[in-house]
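Structural features, examined
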Amino acid sequence: MLVYLIRRLMQSVVVLCVMSLLVFLGVFAIGDPVQILINPLADQAEIDRATAALGLDQPLWRQYWLFLVNAARGDLGRSFVYNVPAIGLILERMPATLELAVTATFFGVILGVPLGMLAGLKPASPVGKSIMAASILGFSLPTFWVGLMLIMVFAVELGWLPSTGRGAATCSLLGLKFSLCTVDGLRHILLPALNLALFKLSLVIRLSRAGTREVVLQDYVKFARAKGLPQSRVVWLHVFKNITIPIVTVLGLELGSTIAFAVVTEWIFAWPGMGKLIIESINVLDRPVIVAYLLVIVFMFIVINLAVDVAYSVLDPRVRLSEQRA
Amino acid sequence: MSDAPTLAVESLRTHFFTKSGVVKAVDDVGFTVGAGKVLGIVGESGSGKTVTAFSIIGLVDPPGRIVGGRVLFKGEELVGAPEERLRHLRGSRIAMIFQDPMMTLNPVLRIDTQMIEAVRAHDSAVGKDEARGRARDALGRVGIPSPDERLRGYPHQFSGGMRQRVAIAIALLNKPDLVIADEPTTALDVTIQGQILYEAQKLCRETGAAMIWITHDLSVIAGLADEVCVMYAGRVVESGAVDQVLDAPLHPYTRGLIGSVPSRNARGRPLMQIPGMTPSLIDLPPGCAFRTRCARADAACAETPPMTEPLPGRKMRCFHPHLGASA
Ligand SMILES: Nc1ncnc2c1ncn2[C@@H]1O[C@H](COP(=O)(O)OP(=O)(O)O)[C@@H](O)[C@H]1O
Ligand code: SF4
Ligand SMILES: [Mg+2]
């Protein structure tokens, strides 16, 4: 197990290096930030000075090398715009996005698994069919439209919930700010989290339903019933434990992409997360922030994948980590 | 009530209402089993043996449904009985062993979990430790070495034969009055088959349970069962004491089955195979279902033959049985 984890971590370093090169080249290709950052009336001398100050006069390979050397020391560069470390900017916004994504995933699971299992146990009943229809709707409605509707109904018409920001009252943990721990924060996160949960909810419903339909046909479920177990135990132990694996896999990937692409929801609900930061940074070609952001996301995917693999070995006794392809 | 047989099945009919038509998987099946007796049910694959077994314990799932007949367990009607009553009987009074041991144990739960729950589902007063003790003893009885250790294992750590022993141990945990074994050795090696057969038989004899042993292999029945039912296309076509049926089969299908058992053929002679295939049970036309494969078939066989008792204790469904002639 330990050997496995160490090997996986070493592989992730390689992945990070390759990704950083790709990101670096990609960002280099999209345009010259000096043109955007500087006063349009500036003369050539001023442009040259600014270029040199940002280190952009160096050849590309040298820029990348400097970046790697600094990155090894934990410095991913300074934002051109804010003139503060890029990684600091990102970490400052990360808790907001993380708690939004985690809350949304939580909603997706807590509602999606029971609904999906119900639909899987009674696929032909009106209840099962309605759940399926709702999940199809959840897949096909655009996120921004649902977000606007949520605001219209719950914030504007009914006035029950706030529609923008994280709320004033946040608490800090290890210097990072979280809003999940106050009532006001919870009220603020509810609408954006529901908005973001919609797609995940539909996905979890489908996965749980498909898994349940397959598992209930297995002999071991029939055998469990033949032992005279109560229906609740058959469903919540024998069936549930067998459908968790595909759900965990997909949710892991989903959590990653939610964190990376919560942009639309963050925009609609003015949620001060990483999504807004990255859009703004792309607009002004703030290269260090873009690069740092993408690397943080890559790192996060690596961690989530590792967590999913470890979860497999906990959920399925037949999986042993050392034997797995990494 | 007290002298009612352990199980009496009367005119049981279980049909599946599928999109392509009605599958009469079990169509007028009847038999009885007394305490301490072994009934063999023999028939080719698809003849309705498993569906009969599930009908008895009330585990026929849609699109299937019991459409007629009675299942009397010690005189108590089980067809239409409340689910809670059936659940109480399943696994405690009536236990079942399945065909494929690789599939019957839940792959993600430990053996002890799967055994302890079987005890506590029927007697919540039993503590976890006591239930574990019973599980360990049961594993020991079916010949699993170091049961304490094995209890903590997962199914994938057991061989097929060992898994079937675990399944038998689970079935016998609550000392049932009736054990239904649905081809429990079919998926196993020949040597293991013999051992399992011996164990199951011994355990039932010790506890005095009635047993229904389902198989497609007549030779298994010979040394094991007291009575035998031969099933074909959802119907019992012949039944009676094992020795008599095997020595002097009345029904052409039974004769064909016996002819296809290797040991019963003279050495060097090719095995007799019953020509043709089992008919599709979807919208099966009336008449004797065997007539497409039967050498004795004639116009009369377009009618469904009734169950008759041409000799005492010998029942069969055929217009032209092998009466008088020996096998
Ligand atoms: N769920 C089902 N849906 C439709 N037909 C079924 C179903 N289960 C069993 N059958 C049909 O019932 C018949 C008897 O099956 P079964 O009892 O399993 O046979 P056996 O155990 O004798 O091999 C088969 O023709 C099979 O196709
Ligand atoms: S009833 Fe006719 S077809 Fe059927 S087994 Fe008897 S002789 Fe053959
Ligand atoms: Mg079968």
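So, how was this worked out
Residues numbered from 1 in each chain as written. Chains lettered and ligands numbered in written order. Predicted model: local features only at pLDDT ≥ 70, side-chain atom pairs only at ≥ 80, totals over all residues. Heavy atoms only, no water. Helix = DSSP H or I, 4+ residues; strand = E, 2+ residues; numbered from the N terminus. Rg over C-alpha atoms; globule rule 2.2 N^0.38 Å. Buried < 20%, exposed > 50% of the residue type's maximum accessible area, 1.4 Å probe, protein only. Contact = heavy atoms within 4.5 Å. Areas by Shrake-Rupley, 256 points an atom, 1.4 Å probe, with all protein chains shown as cover. Axes fitted to C-alpha atoms, helices over the stretch in contact; angles between N-to-C directions. Left-handed = near helix turned anticlockwise from the far one by under 90°. Nonpolar A, V, L, I, M, F, W, Y, C, P; charged D, E, K, R; others polar. pLDDT = per-residue confidence, 0-100. Near = heavy atom within 4 Å. Polar contact = N/O pair within 3.5 Å; in protein donor to acceptor, adjacent residues only side chain to side chain. Buried area = accessible area lost by both parts, 1.4 Å probe. Pairing = 2+ DSSP bridges. Patch = residues over 30% accessible without salt bridge, like charges linked within 9 Å, V, L, I, M, F, W, Y side chains within 5 Å. Salt bridge = Lys/Arg side-chain N within 4 Å of Asp/Glu carboxyl O.

This part is about the overall build of chain B. Counting secondary structure elements, chain B contains eleven helices and twelve strands. Over its C-alpha trace chain B gives a radius of gyration of 20 Å, about what one expects of a compact globule, namely 20 Å for 327 residues. Viewed in the frame of its principal axes, chain B has a C-alpha envelope of about 65 × 50 × 40 Å. The burial tally for chain B puts 52% of its 327 residues in the buried class. In chain B, 64% of the contacts between residues at least 6 apart in sequence involve partners at least 24 apart. Of the roughly 14,200 Å² of accessible surface on chain B, 52% is carried by carbon and sulfur atoms.

A separate point is the packing of helix α5 (residues 86-121) of chain A against helix α8 (residues 183-215) of chain A. Residues and elements named next belong to chain A. Their axes nearest at 6 Å, the elements α5 and α8 cross at an angle of 35°. At the point where α5 passes α8, the crossing takes the right-handed sense. Of the residues belonging to the contact of α5 with α8, the class tally is 21 nonpolar, eight polar and four charged.

Time to look at the confidence of the model for chain B. Residue and element names in this part refer to chain B. Looking at chain B, the pLDDT average stands at 87 and 94% of residues meet or exceed 70. Within chain B, the lowest mean pLDDT, 78, falls on helix α8 (residues 190-207), and the highest, 96, falls on helix α1 (residues 49-56). Listed scores for the predicted complex are pTM 0.83 and ipTM 0.90.

As a further point, take the site of ligand 1. Residue and element names in this part refer to chain B. In the vicinity of ligand 1 there are 13 residues, among which Gly46, Gly48, Lys49, Thr50 and Val51 approach most closely. Thr50 is positioned with one of its side-chain polar atoms (N or O) 2.6 Å from an oxygen atom of ligand 1. For ligand 1, an oxygen atom lies 2.8 Å from a polar atom in the backbone of Val51. About the coverage of ligand 1: the protein hides 66% of its 560 Å² of free accessible area. Within the residue set of the shell around ligand 1, elements represented by two or more residues are β1 (7-18), β2 (21-33) and α1. Here the shell around ligand 1 gets three residues from one element, more than from any other, and that element is α1.

By nearness alone, every residue bordering ligand 2 is listed as His251, Pro252, Cys288, Phe290, Arg291, Cys294, Arg296, Ala297, Cys301, Cys318, Phe319 and His320 of chain B. Its residues assigned to classes, the shell around ligand 2 shows eight nonpolar, two polar and two charged.

With 27 residues of chain B in contact, the opposing surface of chain A contributes 20 residues. Across the chain B/chain A interface, buried area totals approximately 2,300 Å², and carbon plus sulfur atoms make up 62% of it. Here chain B is connected to chain A by 14 residue pairs in polar contact (both at pLDDT 80 or more). Those elements giving two or more residues to the side of chain B that touches chain A turn out to be α3 (101-104), α4 (111-120) and α7 (160-172) of chain B. Of the residues forming the side of chain B that touches chain A, the biggest block, four residues, is contributed by α4 of chain B. For the side of chain B that touches chain A, a count of residues per class yields 15 nonpolar, seven polar and five charged.

Time to look at the sheet that holds strand β10 (residues 235-241) of chain B. Residues and elements named next belong to chain B. Ordered in space as β6-β7-β8-β3-β9-β10-β12-β11, the eight strands form an open sheet in which the pairing is mixed. The sheet is open, and its two borders are formed by β6 (94-97) and β11 (308-311), each paired with just one other strand. The sheet shows a mean angle of 20° between the axes of neighbouring strands, direction not considered. Here strand β7 (residues 178-182) runs beside strand β8 (residues 210-215); their pairing, made up of five bridges, is parallel. Directly across from Leu178, in β8, lies its bridge partner Ala210. On the sheet, α1 packs against β3 (38-42), β6, β7, β8 and β9 (227-232) and is oriented at approximately 150° with respect to β8. Contacts from α8 reach β7 and β8, with the element oriented near 160° to β8.

Right, let's talk about a nonpolar patch on the surface for a bit. Residues and elements named next belong to chain A. Residues Leu137, Leu141, Phe144, Trp145, Leu148, Met149, Met152, Val153, Val156, Leu158, Trp160 and Val264 make up a contiguous nonpolar surface patch of roughly 1,100 Å² in combined accessible area. Among the elements that make up the nonpolar patch, the one with the highest residue count is helix α7 (residues 143-157) (seven residues). Take Trp145: it is sitting in helix α7. Residue Trp145 is classed as partly exposed on the basis of its relative accessible area, which comes to 39%.

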